[in-house]
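Residues per chain are reported as follows:
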Amino acid sequence: MSSALDPAPATVTRVHPQQRWDGELVVTHFDAPTRSMIFIAVHNTTLGPATGGTRMMHYASPDDALEDALRLARGMTLKFAVPRFACGGGKAVIAIPATLEPEARLGLLRRYGGLLKKLNGLFYTGPDVGTSTADMDVIAETGAPYVFSRSVGKGGAGDSSGFTALGVYRAILATFAQLDGEGSPAGKTVLIQGLGNVGRKLLAHLRRDGIRVRFSDVNPALRTEFAGDPQIEFIPPDEIHATPCDVFAPCALGGGLNAETIPQLRCRAVVGAANNQLQSPEMAERLRARGILYAPDFVVNIGGAMGITGMEAMGWSEADATREVEKVGATLREIYARAAAENITTLAAAHRLAEANLLSAQSRSP
Ligand code: NAI
Ligand code: PHE
């Protein structure tokens, strides 16, 4: 008779996603009323409690959703570790059916809040793709105090995208300084992929500086929004990678930089908000081989998580949060300098810095 401890038969070769992951634990929950799978991945709690957004979308399979949660949670660890911010890395993914009625969705959010409450601080969350500040208000009905980025009226610091866009803007300015030396960025061109919450606010910063903006979005309603503005040009989504620009700013979904798209790029640098822009870490080498400067996404896009958790959990004022988020530019310059000095990719330099910070925090803890 076989027992649960018997080794798997030799014919079983499939590796579970968690076996390739270096994180701490994953909470898995099936929400029967909506037939949704919830994965809460706690990657690393060296610097503080696991914190990360809740992504809610439809996936082809539960394993795809789990893979996304694992990858995104690791990204949050790196994000916080680079500036030694007192949060650990985690992420929640709620894999919903292709269609979900609004009432059913509300029920799911409330039950998810109940799950966070039961976890008692194991994981703190905020918004991510597919969830909003209004959703955080609902989750907090049952999940407080483990929910960030509630609306201001409900006692939160509101939408995170303004801080994220500010960090991306500072990172773009730092990149221009790296490429061309100090001086006005007016007349340079930034290509934004995705004019959503972050992309739109980033556009406003760039426009103020006289930077030319090209943008694309799959939402056809946005195609004509800036028609007639000589500084802003719409690019069809399928032409995005081959469109000339100084900086390409991915602000839609991740995974867009791969073996097929990188050879098409006609930019000098990639600096954007999207999490996990590189399909795999090897893509950093490909960008470097093409002479394209890559600003690691987890360095660039910390603004929202940092600004909001700083204001809600660390007593920061909005001015404090703004000042801290603006430091993204200086941090990125440090990573560019380390990469050049050590003759490694900027991604490897950012990983090294994050890992060194985690190690030194570990050696200080009792
Ligand atoms: P959003 O959902 O408001 O905007 C995304 C936009 O991209 C939408 O307008 C969508 O129509 C567009 N889009 C989707 N696929 C596209 C494609 N193939 N080509 C062109 N446009 C496409 O999301 P948000 O909040 O602006 O975030 C953007 C990215 O930044 C996401 O990857 C998110 O994970 C990341 N991020 C956001 C933070 C925040 O504070 N909102 C914080 C850190 C990262
Ligand atoms: N979506 C944010 C990110 O990827 C996560 C976040 C936002 C966490 C706001 C806390 C507060 O960085």
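A few points on the structure. Since this is a predicted model, take the numbers as computed values, not measurements.

Definitions and cut-offs
- Residues numbered from 1 in each chain as written.
- Chains lettered and ligands numbered in written order.
- Predicted model: local features only at pLDDT ≥ 70, side-chain atom pairs only at ≥ 80, totals over all residues.
- Heavy atoms only, no water.
- Phe/Tyr/Trp six-rings, centres within 6.5 Å; stacked < 30°, edge-to-face > 60°.
- Helix = DSSP H or I, 4+ residues; strand = E, 2+ residues; numbered from the N terminus.
- Buried < 20%, exposed > 50% of the residue type's maximum accessible area, 1.4 Å probe, protein only.
- Lys NZ or Arg CZ within 6 Å of the ring centre and 35° of its normal.
- Near = heavy atom within 4 Å.
- Polar contact = N/O pair within 3.5 Å; in protein donor to acceptor, adjacent residues only side chain to side chain.
- Areas by Shrake-Rupley, 256 points an atom, 1.4 Å probe, with all protein chains shown as cover.
- Nonpolar A, V, L, I, M, F, W, Y, C, P; charged D, E, K, R; others polar.
- Core = buried A, V, L, I, M, F, W, Y, C linked by side-chain atoms within 4.5 Å.
- Contact = heavy atoms within 4.5 Å.
- Salt bridge = Lys/Arg side-chain N within 4 Å of Asp/Glu carboxyl O.

According to the stated counting rule, one finds six aromatic pairs in the structure shown. Aromatic side chains Tyr 124 and Tyr 146 sit 5.3 Å apart centroid to centroid with 85° between the ring planes, which places their arrangement in the edge-to-face category. Of this pair, Tyr 124 sits in strand E5 (residues 123-127) while Tyr 146 is found in the loop between helix H3 (133-143) and helix H4 (161-180), placing the two residues 22 residues apart along the sequence. Of the residues examined, Tyr 124 reaches a relative accessible area of 21% and is grouped as partly exposed. Aromatic pair Phe 215 and Phe 234: ring centres 5.5 Å apart, planes at 75°, arrangement edge-to-face. Pair noted here: Phe 215 is in strand E7 (residues 212-216) and Phe 234 is in strand E8 (residues 232-234), with a separation of 19 residues, a long-range link. Comparing Phe 215 with Phe 234 shows no difference in burial state: the two are buried. Just above the ring of Phe 176 sits the side chain of Lys 188; from NZ or CZ to the centre is 5.5 Å. Lying across the ring of Tyr 169, Arg 208 places its NZ or CZ 5.7 Å from the centre.

Taken together, 21 residues lie around ligand 1, and Ser 160, Thr 164, Val 198, Asp 217 and Ala 252 are the ones closest in. Contacts to ligand 1 include Thr 164, whose side-chain N or O atom sits 2.7 Å from an oxygen atom. Measuring from a nitrogen atom of ligand 1, one finds a backbone N or O atom of Val 218 at 3.4 Å. Considering ligand 1 on its own, with 820 Å² of exposed area, one finds that the protein chains cover 77% of that surface. Elements with a contribution of two residues or more to the shell around ligand 1: H4 and helix H5 (197-208). In terms of residue class, the shell around ligand 1 is made up of eight nonpolar, 10 polar and three charged.

Counting 78 residues, the largest nonpolar core has Ile 192 and Leu 202 as its most contacted members. Top contributing element to this core by residue count: H4, with eight residues. Every residue in contact with Leu 202, bar those within four places of it in the chain, is listed here: Ala 165, Val 168, Tyr 169, Ile 172, Ile 192, Ala 249 and Cys 251. Ile 96, Tyr 112, Phe 123 and Ile 139 belong to the second-largest nonpolar core, a separate cluster that totals 21 residues.

Before going further, it helps to examine the pattern of salt bridges. According to the stated counting rule, one finds 24 salt bridges in the structure shown. With its nearest N and O atoms 3.9 Å apart, the salt bridge here joins Glu 285 to Arg 288. Note that Glu 285 and Arg 288 are positioned in helix H6 (residues 283-289) at a spacing of three residues, about one turn of the helix. Between Arg 338 and Glu 334 there is a salt bridge whose closest N-O contact spans 3.1 Å. With Arg 338 and Glu 334 both in helix H10 (residues 328-342) and four residues apart, the pair spans about one turn of that helix. Residue classification places Arg 338 among the partly exposed positions, given a relative accessible area of 32%. Overlapping salt bridges, with partners in common, bring together Arg 55, Asp 68, Arg 71, Lys 91 and Asp 128 in one network.

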